[in-house]
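What follows is the residue order along each chain.
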2 protein chains.
Amino acid sequence: MTGAEASYDVHEIPDLTLECGATLRPARIAYQTHGTLNADRSNAVLYPTWYSGRHWDNEWLLGPGMALDPDRWFVIVPNMLGNGLSSSPSNTPPPYDRARFPRISVRDNVAAQHRLLTEVFGIETLPLVLGWSMGAGQTYQWAVSHPEMVQRMLPFCGSSRTSPHNRVFLEGVRAALTADGAFRGGWYPDDAWPITGLRAAARVYAGWGFSQAFYRDETWRELGHTSLEDFLIGFWEGFFLDGRDPNNLLTMLDTWWHGDVGTTPGFASTEAALGSIRARAIVMPAQKDLYFPPEDEEWAVGHIPGAELRVIPGTWGHFAGGGDNPVDTAFIDAAVRELLDQPPAA
Amino acid sequence: MTGAEASYDVHEIPDLTLECGATLRPARIAYQTHGTLNADRSNAVLYPTWYSGRHWDNEWLLGPGMALDPDRWFVIVPNMLGNGLSSSPSNTPPPYDRARFPRISVRDNVAAQHRLLTEVFGIETLPLVLGWSMGAGQTYQWAVSHPEMVQRMLPFCGSSRTSPHNRVFLEGVRAALTADGAFRGGWYPDDAWPITGLRAAARVYAGWGFSQAFYRDETWRELGHTSLEDFLIGFWEGFFLDGRDPNNLLTMLDTWWHGDVGTTPGFASTEAALGSIRARAIVMPAQKDLYFPPEDEEWAVGHIPGAELRVIPGTWGHFAGGGDNPVDTAFIDAAVRELLDQPPAA
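Residues numbered from 1 in each chain as written. Chains lettered and ligands numbered in written order. Predicted model: local features only at pLDDT ≥ 70, side-chain atom pairs only at ≥ 80, totals over all residues. Heavy atoms only, no water.

### Digging into the relation of the copies chain B and chain A
Point 1. You can overlay chain B on chain A at an RMSD of 0.0 Å; the transform is a turn of 180° with a shift of 0.0 Å along its axis. What the superposition gives is, in effect, a two-fold axis relating one chain to the other. (Least-squares fit on C-alpha atoms with pLDDT ≥ 70 in both.)

So this is what it looks like as structure tokens:
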């Protein structure tokens, strides 16, 4: 079974001390696996989630005949902290509930996932880590924090550090969401969410998620929408109103905002952290991604030994990596296959 | 004298019937002139304002030794309807006040400006119409509505019709501004503006106004700001809080949203309207403008007989045309000079 109805597992970490100094007692990491871990535990692929994504939102890149075929690979999809399934403002009891949920870093996510992989599965090697958007950010951090484990990496439509412009984009989303007085500093009642703010955040996000050309060409028709306004309401507002708790969104936004492998203890700079990566890498920005532009990833690739930059062509912008466009999906799937066919060392 | 303290004039039109069917009784067009109209009234340049801009915000492109030298040219800067100086929600008495202020089209602005030019100055020929952003939109509309008058046109960082993506960007600004409950459907008291919504709109706008590279390179330091957050507050929030009435902003936003020379009566399409332009044209998008991308202007130029596309290089994005960067100012000034030196017919 797939989708939201499929069963999934939760790994409970009795206490997880976060970089900010707070400790979640316990931290819960929700995850789903596909396929079977082989006897020598050498076929595990880690595929973290993106901003507000859930494990089932990654299923589009998995399946029989695809590069990530569950017959061959054991794919683990861990839900990001704050996404509503793993420990989040919405599901953590007082005193760390809701607006008091602590700040979560990308490295906190990687640390929790590392405990999941080692404590539950005894995994010591990852043939591949990959992810879209914030999933790409986690991929980069995995390669920097655990070079002994990560053999290959394929971050798509993301970055190793959140650029200043990307932060400004996020500021707009945050400001729109919290401008609604119903937000009440995060202490909105369960039956009185700041719906106007969520809808505003959705409209702000809409201009960034897809490219100018995507809108010019009315490519949203391929997603079944019937007018621009129908796309803004049906896709974007619907997206943000689909059970996405505002405090959860702000927790993940904060994680995103602060992402930077260069702040990993022991490294003096982002360049140094990138230079330490030993995984074979194909880095895939999307040609018209407005907040993870290819030029930023070109810069990153220049610092990773042996890494390849492979731009996803077309007009879907950031959502080239979202699984909604079959052409982009085929392009990414081909790169995953190629990377997995290569020897681990670059 | 220059700036906000300089005196300016107001032309009162006893009744101006708008495209939406409402009539302003009267409509008031605030304007400022630079230089002296010559005896045969052949040296007038029209330079309309941009989204929320006031006449003094256009002064950077005027001056002794510049292409638009007031010693030679009679430059008229009309304030856009809705900008707070010309008839606007903030200054119109009931019943058309505030949230009831009528919808204003780009053509309504051109019609009011045409009456100003003909009734006050007896001008029949415009050697040049130019403008930034929404000023570019008015420039296009002038060239389509009055081909007998407009000899040359230089729209920069704008468009002949507002693209779908541009509309989505505007939706985000509008949603952020109005998400603040203090907006009260536009009926906020004078002493209780929706400040949170204005600040949110400012933050949404911030990501669009300048390019990714502008933020990456911290080019805001050239504007005297000391950190990214200082730029967001000092420049952007300060911009939106500088007396910019929310209803005024929404009136101009609506004007912008609906801009399209192709809806001019008598034309079947935007292409046909562009094809009717007789003015000699240099069209100047900015290389990294995120909401008026060069590809859209390349398309427009392809439909204007004899028009030249001249992209403003660099990283300032939309604000390449705002007058804050001396390099861009020199580039635009040179184009104005070149265009004015050419004969009127393309």
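### Section: the side chain of T92 of chain B
All names here are of chain B.
Point 1. Along the chain, the position of T92 falls in the loop between β6 (74-78) and α1 (106-121).
Point 2. Residue T92 is classed as buried on the basis of its relative accessible area, which comes to 14%.
Point 3. Among the polar contacts made by the side chain of T92, one reaches the main-chain carbonyl oxygen of S88 at a distance of 2.8 Å.
Point 4. A distance of 3.5 Å separates polar atoms of two side chains, one belonging to T92 and the other to N91.
Point 5. Non-local contacts of T92, meaning those with residues more than four positions away in its chain, are made with S87, D97 and F101. (Helix = DSSP H or I, 4+ residues; strand = E, 2+ residues; numbered from the N terminus. Buried < 20%, exposed > 50% of the residue type's maximum accessible area, 1.4 Å probe, protein only. Polar contact = N/O pair within 3.5 Å; in protein donor to acceptor, adjacent residues only side chain to side chain. Contact = heavy atoms within 4.5 Å.)

### Details of the nonpolar core
Point 1. Of all hydrophobic cores here, the largest spans 142 residues; its most connected members are W236 of chain A together with W236 of chain B.
Point 2. If near-sequence neighbours (up to four positions away) are discounted, W236 of chain A is found in contact with A202, Y205, A206, G209, F210, Y215, F231 and F319 of chain A. (Core = buried A, V, L, I, M, F, W, Y, C linked by side-chain atoms within 4.5 Å.)

### Section: the packing of aromatic side chains
Residues and elements named next belong to chain B.
Point 1. Scanning the model with the defined rule gives 77 aromatic pairs over all chains in all.
Point 2. Above the plane of the ring of W257 lies R167, whose end atom (NZ or CZ) is 4.1 Å from the centre.
Point 3. When the ring centre of F239 is taken as origin, the NZ or CZ atom of R244, which lies over that ring, is 3.9 Å away. (Phe/Tyr/Trp six-rings, centres within 6.5 Å; stacked < 30°, edge-to-face > 60°. Lys NZ or Arg CZ within 6 Å of the ring centre and 35° of its normal.)

### Brief notes about the environment of P285 of chain B
Residue and element names in this part refer to chain B.
Point 1. In this structure, P285 sits in the loop between β9 (280-283) and α9 (294-301).
Point 2. Using a relative accessible area of 0% as the deciding quantity, one classes P285 as buried.
Point 3. For the pair formed by P285 and L126, sequence separation is 159 residues and the distance between their alpha carbons is 22 Å.
Point 4. Excluding residues that lie within four positions of it along the chain, P285 makes contacts with C157, F292, P294, E297, L309, R310, V311 and I312.

### What to know about the pattern of salt bridges
Point 1. Counting across every chain of the model gives 38 salt bridges over all chains.
Point 2. Residues R221 of chain A and E218 of chain A are paired through a salt bridge, measuring 2.9 Å at the closest nitrogen-oxygen approach.
Point 3. E237 of chain B is the salt-bridge partner of R203 of chain B, the closest N and O atoms lying 2.7 Å from each other. With a gap of 34 residues between them, R203 of chain B in helix α4 (residues 195-209) and E237 of chain B in helix α6 (residues 228-241) connect regions that are remote in the sequence. Comparing R203 of chain B with E237 of chain B shows no difference in burial state: the two are buried.
Point 4. The structure contains a network of salt bridges with shared partners spanning E171 and R174 of chain A together with R199, R203, E229 and E237 of chain B. (Salt bridge = Lys/Arg side-chain N within 4 Å of Asp/Glu carboxyl O.)

### Focus: the domain arrangement of chain A
All names here are of chain A.
Point 1. Along its sequence, chain A is organised into domain 1 (9-162 + 261-341) and domain 2 (166-254).
Point 2. Placing a centre on the C-alpha atoms of domain 1 and another on those of domain 2 gives a separation of 23 Å.
Point 3. Taken together, the contact between domain 1 and domain 2 spans 33 residues of the former and 33 residues of the latter.
Point 4. Interface area, domain 1 with domain 2, both sides summed: about 2900 Å², of which 60% is carbon and sulfur.
Point 5. When residues of domain 1 are sorted by the area they lose upon contact with domain 2, Y51, L290 and Y291 head the list and together hold 26% of the total.
Point 6. Between D254 and R103 there is a salt bridge, and its shortest N-O distance comes to 2.8 Å.
Point 7. Where domain 1 meets domain 2, there are ten residue pairs in polar contact (both at pLDDT 80 or more).
Point 8. Taken together, the residues of the side of domain 1 that touches domain 2 break down into 14 nonpolar, eleven polar and eight charged. (Domains from an automatic or database assignment. Buried area = accessible area lost by both parts, 1.4 Å probe. Nonpolar A, V, L, I, M, F, W, Y, C, P; charged D, E, K, R; others polar.)

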